[in-house]
Amino acid sequence: METLITIGAFLGFLAFLKVGELSSKVNRLIRAEREQEDKAYTRNIHVRKDMLEPYIGNQIGLDFYEDEEDGDMFLENDAVLLAVDEKWALLEITTKNKKKQKLIRLSSLKGVSAKK
């Protein structure tokens, strides 16, 4: 009986590892598809970069797609947009104790807003 329990636990652990691996592959495929859609969309309009350029040097709030939030942006920290290019935005995030710079992928952003 102990042998069956041990075999069952081992097979359950293997199944857990496979599900985790599959989940990461699905997330990668979703991100790749979104980047392809963004390339097709921005090829004609350049909305993403143009949308962020007016906010350079200002404090902003970012709205992320589901499951792509950044931990530092999730909290109520101050974020100042320093630079932006076709794929990335450079932010300076100020917490109570320190300042740090972070790169945020534009394909993970749903929207941007100015903070007062």
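Scroll up a little and you will see the structure.
Since the model is a prediction, treat every value here as computed from it, not as a measurement. (Residues numbered from 1 in each chain as written. Predicted model: local features only at pLDDT ≥ 70, side-chain atom pairs only at ≥ 80, totals over all residues. Heavy atoms only, no water.)

Asker: Looking at this model, I keep getting lost on the overall build of the chain. Mind explaining?
Answerer: Helix and strand counts for the chain come out as 3 helices and 5 strands. For the chain, the residues scored as buried account for 23% of the 116 residues in total. In the form shown here, the chain has an accessible surface area of approximately 8600 Å², with 57% of it arising from carbon and sulfur atoms. (Helix = DSSP H or I, 4+ residues; strand = E, 2+ residues; numbered from the N terminus. Buried < 20%, exposed > 50% of the residue type's maximum accessible area, 1.4 Å probe, protein only. Areas by Shrake-Rupley, 256 points an atom, 1.4 Å probe, with all protein chains shown as cover.)

Asker: Whenever I open this one, empty space enclosed by the protein confuses me. Can you help?
Answerer: All told, the structure shown has 1 cavity of 30 Å³ or more when counted by the stated rule. Mapped onto the lining of the largest cavity, the elements with two or more residues apiece are helix H2 (47-52) and strand E5 (109-114). Ranked by the residues each element gives to the lining of the largest cavity, the list is headed by E5, at 4 residues. Per-class residue counts for the lining of the largest cavity are 5 nonpolar, 1 polar and 2 charged. (1 Å grid on protein atoms, 1.4 Å probe; cavity = no way out; pocket = protein on both sides within 12 Å on 5 of 7 lines; lining within 4 Å. Points joined across faces, edges and corners; volume = space filled by probe spheres on them. Nonpolar A, V, L, I, M, F, W, Y, C, P; charged D, E, K, R; others polar.)

Asker: What is the right way to read the pattern of salt bridges from this model?
Answerer: Pairing between side chains of opposite charge can happen when their charged atoms approach one another. Counted by the stated rule, this structure contains 3 salt bridges. Between Glu 21 and Lys 25 there is a salt bridge, and its shortest N-O distance comes to 3.3 Å. Residue Glu 21 and its partner Lys 25 are both found in helix H1 (residues 2-45); the two are separated by 4 residues, about one turn of the helix. Looking at Glu 21, the relative accessible area reads 36%, which means it is partly exposed. A salt bridge links Glu 35 to Arg 105; the nearest nitrogen and oxygen atoms lie 2.8 Å apart. You can see Glu 35 sitting in helix H1 and its partner Arg 105 sitting in strand E4 (residues 99-105), a full 70 residues away along the chain. Owing to a relative accessible area of 25%, Glu 35 belongs among the partly exposed residues under this scheme. Under the relative-accessibility criterion, Arg 105 is labelled partly exposed at 24%. A network of salt bridges, in which partner residues are shared, links Lys 18, Glu 21 and Lys 25. (Salt bridge = Lys/Arg side-chain N within 4 Å of Asp/Glu carboxyl O.)

Asker: What is the right way to look at the sheet that holds E4 in this model?
Answerer: As summarised here, the arrangement of the 3 strands in space is E2-E3-E4, forming an open sheet in which the pairing is antiparallel. With partners counted over all chains shown, the strands left at the sheet margins are strand E2 (78-84) and E4, one partner each. The sheet shows a mean angle of 30° between the axes of neighbouring strands, taken without regard to direction. Examined bridge by bridge, E2 and strand E3 (residues 88-94) share 6 bridges and lie antiparallel to one another. (Pairing = 2+ DSSP bridges. Axes fitted to C-alpha atoms, helices over the stretch in contact; angles between N-to-C directions.)

Asker: Explanation requested: the environment of Ala 79 in the structure shown.
Answerer: Considering the arrangement of structural elements, one finds Ala 79 in strand E2. Its relative accessible area of 0% is what places Ala 79 among the buried residues. Note: C-alpha distance between Ala 79 and Thr 94 (15 residues apart in sequence) is 6.4 Å.

Asker: It is not clear to me how the nonpolar core should be interpreted in this structure. Could you clarify?
Answerer: Leu 52, Leu 62, Leu 91 and Leu 109 are the most contacted members of the largest nonpolar core, which has 14 residues in total. Broken down by secondary-structure element, the contributors of at least two residues to this core are strand E1 (60-64), E2, E3 and E5. The residues touching Leu 52, leaving out its near neighbours within four places in the chain, are Leu 81, Val 84, Ala 89, Leu 106, Leu 109 and Val 112. (Core = buried A, V, L, I, M, F, W, Y, C linked by side-chain atoms within 4.5 Å. Contact = heavy atoms within 4.5 Å.)

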